[in-house]
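Letter by letter, the chains look like this.
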Amino acid sequence: MSKYFQKLNRPHKSGIVLFLSMLTGTVGIAQEKENETLETERVVIVKAYTPTISDAFKVKSTPILNDSITQQKKPIRYSIFSVPVASVYTPAKGRAANIDRPKPIEIFDNYATLGFGNFTSVLAEFYSNFQMSRSDNLGLYLHHNSSQGGIDEIQLDDKFYNTFLDLNYTSRTRDYTYGIEVGAEHQLYNWYGLPETPILTQEQIDAIDPQQSYFGVKLGGKLQFDDLYFKEASLKYRFFGDVLSSVEHHVIAKPTFEFEMGDNLITANFIADYLNGSFERDLDPVLQIPNEYSILNVGINPGLIVLRDHLTIHLGAAVYYSMDLENSDGDLKIYPKVTASYRLLEESVIAYGGLEGDLQQNTYRDAVQTNPFVSPTLILTPTDNQYNAYVGLKGKLSDVVSYNFRGGYTSENSKPLFVSNTRPAIQIEGYDFGNSFSYRYDDISTLAGYGELNFEISKKFKLGATAEYFDYDTKDEQEAWNLPEIKASVLLDYQINPKWFVGAQLFYVGERKDINNEVISLPTLPEATVTLDSYFDANVNLGYRLNDQLSFFVKGNNLAGENYERWVNFPVQDIQVLGGVTYKFNY
């Protein structure tokens, strides 16, 4: 102990260091030698930086006031005086509000229409649907439209009748559906379009019998399967003739196959189209060559349907072998069948196009339905529709407006054109006075444009307009006889209120050209032509519903009052008004 204090009393650095070490709590430092000096050491302390946030000075929300005149707040006490009151009120139970639902429209399976108008016209229709069972159905439709004539400045009778009756039976089972149809028709027309020259005496006019009657029957059947590759088959037979001993038989058989290959659909249509007929008048009265025809077209139409998200493509072709059995001649025809559509903007813009062709069978009945004033002296041959190339855009601009615009180019060989018959040297029948029409065939190329706009402003008001333009290029004929360059129409349907409704149909047809049969043309000179004026036809119908079953209507046709000529020398009736009643019912 004394030795230790002696060392402290020495004026040496080690004593000071030792003394400081004792003050800082550091123990165990000794000196080995008394005269040894201390060495300095560098100590580095590494520690992670840990920042802290100090509390900021905050202003007290309620400062302390040091005011000598501040008074203490007096406590306030609240009390109520409760008195019991007897209540006799009983709240009513809640009840859901009623929704005004529109009255459902009752659908009737049958209706009958009868109307009368000027020109002693009669309109009659009858439709009936018999639900024989849950799977069997029988339908009947009768239509009659007639007029006793009365066109101004017409020297021959111009009355007409148009009546047809259709019956159909349909049966549906779990695996297939089949149907049968039977029909009959009768039409009566008059060749009343006498040319102005040559001038006939009244006695000669009275000797003309211009009446022509057409009649026909049809029978057909269709069988459709749901889960077989053999999808459906149809068979149709039609007989057509007239009072002048014209006879025509037409049979069409068409089986269809369909099956899937991956995501695509393959179809194949087989077609057999047989036409046979004859006219009483010979092609050459001197050589007594009969006007008979017998044509058989046999073909196949395979196709591949490709469906993608926005793209639909139909790739196909049609191959026909056409046989003229009367002249022992045959020819092979091949046509494209390609169509495509692509949705550019969902339903707003849809681009579509196609390249299609086909072999068209021309029949006596088809000619009569287009022009009932044809003579029973036609020469019938199929039309070779080589191709119809077209592109277009369609879609909906909004919920109100939809559109369809299309342009195309068509090439047709042996296209039939209606032309006026010249007057033969000897007049025997009622169509021998330049007052009938026949066929001329030519190869025609047509550039066509089509536009359509539809406005569905509401469920009660609809408006539609279409316009077509044609530019014809003929090979042998001077003109595309009786074919207009412009056609347009406007259709309107408006439900004024639950009782009243109105509709309108407006039609415009441009100029057409026909052969002027009043002028004898030399073979070396161009044929004399006549131009038929364009015409506008306005038809309006107004109706009133007395109740769900009984309604009345008034129809006005050709309200523009134009006594225009649909065919040369055949003016139509001017303003026509017809009124009638329609009754709907169930058995």
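Residues numbered from 1 in each chain as written. Predicted model: local features only at pLDDT ≥ 70, side-chain atom pairs only at ≥ 80, totals over all residues. Heavy atoms only, no water.

1. Comments concerning the overall build of the chain
The condition that has to hold: What counts as a helix is a DSSP run of H or I of at least four residues, what counts as a strand is a run of E of at least two, and both are numbered from the N terminus. Three labels apply to residues, based on accessible area from a 1.4 Å probe with only protein chains included: buried if under 20% of the type maximum, exposed if over 50%, partly exposed otherwise in between. Each accessible area value is a Shrake-Rupley result obtained with a 1.4 Å probe; residue values ignore everything except the protein chains displayed when judging cover.
From N to C terminus, the chain includes 4 helices and 26 strands. Here the chain holds 587 residues, and the buried ones make up 32% of them. Approximately 38,800 Å² of the chain is accessible, and the part contributed by carbon and sulfur atoms is 57%.

2. Observations regarding the side chain of threonine 363
Put simply, the rule is: Each polar contact in these results corresponds to two N or O atoms within 3.5 Å; when the atoms are within protein, one needs to be able to donate a hydrogen and the other to accept it, and residues that are neighboring in sequence are counted only if both atoms are side-chain atoms.
Mapped onto the fold, threonine 363 is located in the loop between strand S13 (349-360) and helix H4 (364-370). Within the structure, the side chain of threonine 363 is placed 3.0 Å from the side chain of aspartate 366, a separation counted as a polar contact.

3. Some thoughts on the environment of leucine 359
By the element assignment, leucine 359 lies in strand S13. Accessibility expressed as a relative area gives 11% for leucine 359, which makes it buried. The spacing of leucine 359 and asparagine 385 is 26 residues in sequence and 5.9 Å in space, taken between C-alpha atoms.

4. Regarding the packing of aromatic side chains
The test is simple: Pairing of aromatic rings covers Phe, Tyr and the six-membered ring of Trp, with a centre-to-centre limit of 6.5 Å; geometry is then stacked below 30 degrees between planes, edge-to-face above 60, and tilted otherwise. Either the NZ atom of lysine or the CZ atom of arginine qualifies as a charge over a ring when it sits within 6 Å of the ring centre and within 35 degrees of the ring normal.
Inspection of every chain in the model, using the stated rule, returns 37 aromatic pairs. Between phenylalanine 279 and tyrosine 364, the aromatic rings sit 4.9 Å apart at their centres with planes inclined by 85°, giving edge-to-face as the arrangement. In this pair, phenylalanine 279 sits in strand S9 (residues 264-284) while tyrosine 364 sits in helix H4, placing the two residues 85 residues apart along the sequence. Side by side, phenylalanine 279 and tyrosine 364 carry an identical accessibility label, which is buried. Connected via pairs of aromatic rings, a cluster forms that spans Phe160, Tyr189, Tyr192, Phe373, Phe418, Phe437, Tyr439, Tyr441, Trp567 and Phe570. Between the NZ or CZ atom of lysine 555 and the centre of the ring of phenylalanine 553, over which it lies, the distance is 5.6 Å. Positioned above the aromatic ring of tryptophan 567 is the side chain of arginine 566, whose terminal nitrogen or guanidinium carbon lies 4.4 Å from the ring centre.

5. Here's the deal with a negative patch on the surface
To keep it simple, the criterion reads: Nonpolar side chains (Val, Leu, Ile, Met, Phe, Trp, Tyr) within 5 Å and like charges within 9 Å form the patches, drawn only from residues with over 30% relative accessible area and no salt bridge. Whenever Lys or Arg places a side-chain nitrogen within 4 Å of a carboxyl oxygen from Asp or Glu, that contact is recorded as a salt bridge. When charges are counted, neither His nor the chain ends are considered; positive counts come from Lys and Arg and negative counts from Asp and Glu. We put the charge of a Lys on NZ, of an Arg on CZ, of an Asp on CG and of a Glu on CD.
A cluster of like negative charges, contributed by Asp471, Asp473, Glu485, Glu511, Asp533 and Glu565, occupies part of the molecular surface. Along the chain, aspartate 473 turns up in strand S17 (residues 461-474).

6. A closer look at the nonpolar core
Defined as follows: Put simply, a nonpolar core is a bunch of buried Ala, Val, Leu, Ile, Met, Phe, Trp, Tyr and Cys residues held in one set by side-chain atoms that sit within 4.5 Å of each other. The criterion used for residue contact is that any of the two residues' heavy atoms lie within 4.5 Å.
In this structure, Tyr214, Tyr364, Phe373, Val374, Leu378 and Phe437 are the most contacted members of the largest nonpolar core, which totals 31 residues. Within the residue set of this core, elements represented by two or more residues are S9, H4 and strand S16 (437-456). The greatest single-element share of this core, amounting to 3 residues, is contributed by H4. Beyond its immediate chain neighbours, meaning those up to four positions away, leucine 378 contacts Phe279, Asn291, Tyr364, Ala367, Phe437, Ser438 and Tyr439.

7. Describing the pairing of strand S7 (residues 230-242)
Residues in a regular strand project their side chains so that they alternate between the two faces of the sheet. Defined as follows: Whether two strands pair depends on DSSP finding at least two bridges between them.
The pairing of strand S6 (residues 211-225) with S7 spans 11 bridges and is antiparallel. The partner of glutamine 224 across the bridge, within S7, is glutamate 232. The turn linking S6 back onto S7 is made up of 4 residues. Of the strand pairs in this sheet, S7 and strand S8 (residues 247-261) are connected by 11 bridges, and their pairing is antiparallel.

8. Describing the confidence of the model for the chain
Using the following cut-off: Per-residue confidence from the prediction method is given by pLDDT, with values spanning 0 to 100.
Of all residues in the chain, 84% attain a pLDDT of 70 or more, and the chain-wide mean is 87. Of the regions scoring below 50 in pLDDT, residues 1-36 engages in 12 contacts with residues more than four places distant in sequence or in other chains.

9. Quick notes on the pattern of salt bridges
Summed over the entire model, instances satisfying the criterion amount to 13 salt bridges. Between lysine 218 and aspartate 166 there is a salt bridge; the shortest N-O distance is 3.6 Å. In this pair, lysine 218 sits in strand S6 while aspartate 166 sits in strand S4 (residues 160-172), placing the two residues 52 residues apart along the sequence. The exposure class of aspartate 166 is partly exposed, given its relative accessible area of 22%. Linking aspartate 432 and arginine 281 is a salt bridge whose minimum nitrogen-to-oxygen distance equals 2.9 Å. Of this pair, aspartate 432 sits in the loop between strand S15 (401-420) and S16 while arginine 281 sits in strand S9; the two residues are 151 residues apart in sequence, bridging distant segments of the chain. Since its relative accessible area comes to 26%, arginine 281 is described here as partly exposed. If you follow the salt bridges from partner to partner, you end up with Glu185, Arg238 and Arg365 in one network.

10. Observations regarding unusual backbone geometry
Along the chain, threonine 197 connects to proline 198 via a cis peptide bond; the corresponding omega equals 0°. For proline 198, the location among the structural elements is in the loop between strand S5 (176-190) and helix H3 (202-206). Its identity is not glycine, yet glutamate 153 carries a phi of approximately 60°, on the positive side. With respect to the helices and strands, the residue glutamate 153 is situated in the loop between strand S3 (136-147) and S4. The class for glutamate 153 is exposed, based on a relative accessible area of 81%. The phi torsion at serine 414 lies on the positive side, around 60°, for a residue other than glycine. With respect to the helices and strands, the residue serine 414 is situated in strand S15. Among the residues examined, serine 414 registers a relative accessible area of 26% and is labelled partly exposed.

11. A look at the environment of glutamate 260
Inspection of the secondary structure puts glutamate 260 in strand S8. C-alpha separation for the pair glutamate 260 and leucine 304, spaced 44 residues apart in sequence, amounts to 9.6 Å.

12. Digging into the side chain of serine 438
Along the chain, serine 438 turns up in strand S16. Under the relative-accessibility criterion, serine 438 is labelled buried at 13%. Side-chain polar atoms of serine 438 contact the side chain of asparagine 421, separated by 2.7 Å. Setting aside residues up to four positions removed in sequence, serine 438 forms contacts with Ser375, Leu378, Leu417, Phe418, Val419 and Asn421.

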